[in-house]
Number of protein chains: 2
Amino acid sequence: MKYFFITTFLFHAIITIVLDLDHLSHILQQDCRLNTTRLVLIGVSGGPDSLSLLDVMHRLGYPLVVAHLNHGLRAEAGEEALVVRESARVRGLGFVLEEADIAGYAREHTLSIEEAARKVRYQFLFEQARKCKAQAIAVAHTADDQIETVLMHMLRGAGLSGLKGMNFHFQPNPWDSEIALVRPLLGIFRDEILSYCSERNLSPVFDRSNLDTTYFRNRIRNELIPLLLTYNAGIKSNLWHMSQILAGDDQVLETYTRIAWRGCCLEQSDQGVALEINNLITQPMGIQQRLIRLAISILRPGLRDIDYAGVGKVLEFIQRAKRNAHWDLADGLSLFREGDALWIANWESELPAGNAPQIPNITINIAIPGFIDLPGGWHIQAERVAVDHDAIDQVVNNPDPNQAWIDNSQDIRELIIRSSQPGDRFLPFGLDGHSVKLSDYFINVKVPRRLRSNWPLICVGDEVVWIPGYRISHPFRLTPSSTRAVYLRLIKEH
Amino acid sequence: MKYFFITTFLFHAIITIVLDLDHLSHILQQDCRLNTTRLVLIGVSGGPDSLSLLDVMHRLGYPLVVAHLNHGLRAEAGEEALVVRESARVRGLGFVLEEADIAGYAREHTLSIEEAARKVRYQFLFEQARKCKAQAIAVAHTADDQIETVLMHMLRGAGLSGLKGMNFHFQPNPWDSEIALVRPLLGIFRDEILSYCSERNLSPVFDRSNLDTTYFRNRIRNELIPLLLTYNAGIKSNLWHMSQILAGDDQVLETYTRIAWRGCCLEQSDQGVALEINNLITQPMGIQQRLIRLAISILRPGLRDIDYAGVGKVLEFIQRAKRNAHWDLADGLSLFREGDALWIANWESELPAGNAPQIPNITINIAIPGFIDLPGGWHIQAERVAVDHDAIDQVVNNPDPNQAWIDNSQDIRELIIRSSQPGDRFLPFGLDGHSVKLSDYFINVKVPRRLRSNWPLICVGDEVVWIPGYRISHPFRLTPSSTRAVYLRLIKEH
């Protein structure tokens, strides 16, 4: 009896040290943001981590569906599936199984086995989670996985977003915007989990491929971390705490970057992003770097890290490139400038022109009165009007470049609208002298180069009489002797 | 002739690859913020790094004074001093030498040899820089030193402020607020420096202690980095770039933390820091952590890292501690709460009371009229006044707790001012019933505990008639039958 008492006491003491259920309950609610009223889909490989997570969450009253993917990579895979199925059955839980040909998928998509397994596994889990309307998917990454991840990112030279490692709660994630991916064991080291398994008589399957150091992660686990422990016996908990501190830092910086983005981004599409240079360069350097990385990641979501050299090249372009320079950035992206806008884009010619009037390489006649549609919701309108000499000053000096009055003493029958031609010249209103090359005028008034060749021109015969958005031709201005005018408007639908 | 041409060409080609003077000129101006008009003190050990830096800066026209500290640790130290002296002489530069007993200093201050050498060296350099009015001190840390530093911090589990490594330009620094410490070679790897030495026929002294892996840094250099190179051949440049990215991130976070500090810090002295809890908890978690670390670093500037556990304990205190809880934090600091203030302080009793009236444990009589000084620029004033019954409502309901009117029908001759005594009771104005224990009253109105025992009380005989800053005693209130009053004021000098 006395012996029994001591055993019980020790048992409780060990349980408390090993895996504190109260603590995990707190983590599931607070850090993973789970509730016990809705289903959680749990990914179980059959290893000690996922079997322990399954056992803990079941004991804490979470309604679970157990999901297992047979990777088809090892002979013992079928046995693992049976172990997982049994662990669900004895707890009265639902079980879903899928068999995948990871090796085939890897060959087909030229991925490493690890990458292919990861991709297929998450596709499977999220598909199942959607089917059973789960609130979240729980996976059993541990504190050891976390520090291995941190070290892998460090070896790649990642910034904060890599060094912070994984999150307890990951939402939105690349697989689903609604269903969170949660990692309740992220703060628990493997030693504690193994003790828990033996305390609870769980019988995990040990994946022998973990011992194979040809996998990068396993080399970190079995070679690098043991070496680092000889430098600092507390390295594992140090790296774990480092990741948590950096996660907090990264979140703050992401928030400020999103705020800065709103003030700095002028245009954004899948073809290109325009950033306002004067805004960008007044940001602190750390935010400048993040804005540039964000712009690149919008255009190239696949690039896992926007490397230091790429960001540096953009900063160098801003500082040193000539006005008309085009620089190649990386992965088919190029850099150029339009006025105060820095463009990071696929190709200049493919950029959206929705914010500017453009006309294809055709010639269109406009009757007066007349109305013509241009691409992108732009229109040109022409009307005959009498000249009100009381208001002629206001009309002549009208400050709105999207409307114009031209003299109609010669009774213009028809206007022509077309894009520019080689040899076009223009005599801007107010410049009573020689005409200038239209191409030079476009440069002077900073029409973006990519928009010049298709900018609409209003002509009478061969002569350009109005550049919508800019000026009328000097000889066509209203004078005190004008009695009739053509009123022109450039209109954008909203 | 042809041969000579080829040699010259190759020579230039190698120089360009090895150490680009234009690039270094740019770094000296932009990153190190140096100009060629004022002296720079350069610390030269005689090794390849510092001899190269000396040579480069001299060639680029920087006026230099060469400083060398003989650490007295190795037999060849005297020879090194001669090499450095000669390198200054041939360039016509000033030279200062000091001999130090680093081993003795280390024993005396219980420091490691490395720490002692670092401390004595910087003291020497900054002393000399002040003497010759140098704009800055240049030291020859390289890109290799940078990544070793980053890895050392990682092994310690440091946050961003450690992982970002060293700066090209460090000002203000712990040694001087005016004179910058600059590191022009921070982006140059040692290989390039060795090539430069041989190209320029520099004859550096090789410090054999670099090969001794009993020093932590040398172990990282000679053991850890070679291993990491087998994981990723680009690890050195990756870690270097990581440090630069993290430096930008850290600077942004420091800026936002300083801004948040202004809104969050209520009081600050070398005894304690008070943070406004409601402000603190609305900050993003990364900023909360930094505010707490900043508060601790103000009180304990010596603590190199405020560890994760310390910050976590403060956050836990805010969430979970009972109102009157006192928690030990670390290194003699404790945590407690006063109203909405979180105090991180040496000891409650030692906190400044400058913002509150306090009286030592003495009893003082005040004549009426009378005026008495309290510590910290506080005063109590008493006057006899007639009661103006037209204004009695305003007086009775006066909203300023720093003034009071008490009934003087009984012609009070004298007031007593004293601190509280065990057994004191009080009947607050408006509470027409039983008196309460003064200690309970203090708790109810949230007088900070540390201020209670010396809070000044105005008494008539044994009876407390006014608690300055709070209320008068109900029996001493003015009534419609009052004709005479004593007017009391609590005044704080500005």
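Refer to the structure above for everything that follows.
As the structure is a prediction and not an experimental result, all values here were calculated from the model.

> Quick one: what's the story with the overall build of chain A, residue by residue and with numbers?
A tally of helices and strands in chain A yields 17 helices and 21 strands. By the compact-globule yardstick of 23 Å for 494 residues, chain A is too spread out, its C-alpha radius of gyration being 34 Å. Principal axes of the C-alpha set define a box for chain A whose edges measure 120 × 45 × 45 Å. Evaluated residue by residue, chain A yields a buried proportion of 50% over its 494 residues. Long-range contacts, defined here as pairs at least 24 residues apart, represent 67% of the contacts in chain A between residues at least 6 apart. Accessible area of chain A: about 24,100 Å², with a carbon and sulfur share of 52%.

> A description of the interface of chain A and chain B should follow, citing residues and the corresponding values.
One frequently used descriptor of interface size is the decrease in accessible area upon assembly of the parts. Counting residues at the interface gives 42 residues for chain A, matched by 42 residues for chain B. In this assembly, chain A packs against chain B so that about 3,700 Å² is buried in total across both faces, 69% of it on carbon and sulfur atoms. At the boundary of chain A with chain B, the tally comes to two salt bridges. We note a salt bridge from B:Arg290 to A:Asp249, for which the minimum N-O separation is 3.2 Å. One can count 16 residue pairs in polar contact (both at pLDDT 80 or more) joining chain A with chain B. Of all the secondary-structure elements, those providing two or more residues to the side of chain A that touches chain B are α7 (143-156), α8 (160-163), α10 (216-231), α11 (235-264) and α13 (285-299) of chain A. For the side of chain A that touches chain B, the per-class residue count stands at 25 nonpolar, 11 polar and six charged.

> Just give me the short version of the packing of aromatic side chains, but keep the residues and values in it.
Centre distance and the angle of the planes are the two values used to describe a pair of aromatic rings. Applying the stated criterion to the full structure yields 19 aromatic pairs over all chains. Pairwise contacts between aromatic rings join A:Tyr122, A:Phe126, A:Phe170 and A:Trp175 into one cluster. Between the NZ or CZ atom of A:Arg121 and the centre of the ring of A:Tyr122, over which it lies, the distance is 6.0 Å. Its end group placed over the ring of B:Tyr231, A:Arg219 keeps NZ or CZ at 3.8 Å from the ring centre.

> Lay out the pairing of strand β7 (residues 265-268) of chain A in plain terms, naming residues and giving numbers.
Bridge analysis of β7(A) against strand β8 (residues 272-276) of chain A gives three bridges, and the strand direction is antiparallel. The residue of β8(A) that forms the bridge with A:Glu267 is A:Ala274.

How each quantity is defined
- Residues numbered from 1 in each chain as written.
- Chains lettered and ligands numbered in written order.
- Predicted model: local features only at pLDDT ≥ 70, side-chain atom pairs only at ≥ 80, totals over all residues.
- Heavy atoms only, no water.
- Helix = DSSP H or I, 4+ residues; strand = E, 2+ residues; numbered from the N terminus.
- Rg over C-alpha atoms; globule rule 2.2 N^0.38 Å.
- Buried < 20%, exposed > 50% of the residue type's maximum accessible area, 1.4 Å probe, protein only.
- Contact = heavy atoms within 4.5 Å.
- Areas by Shrake-Rupley, 256 points an atom, 1.4 Å probe, with all protein chains shown as cover.
- Buried area = accessible area lost by both parts, 1.4 Å probe.
- Salt bridge = Lys/Arg side-chain N within 4 Å of Asp/Glu carboxyl O.
- Polar contact = N/O pair within 3.5 Å; in protein donor to acceptor, adjacent residues only side chain to side chain.
- Nonpolar A, V, L, I, M, F, W, Y, C, P; charged D, E, K, R; others polar.
- Phe/Tyr/Trp six-rings, centres within 6.5 Å; stacked < 30°, edge-to-face > 60°.
- Lys NZ or Arg CZ within 6 Å of the ring centre and 35° of its normal.
- Pairing = 2+ DSSP bridges.

So, to be careful, I would describe these as geometric facts and stop short of saying anything about function.
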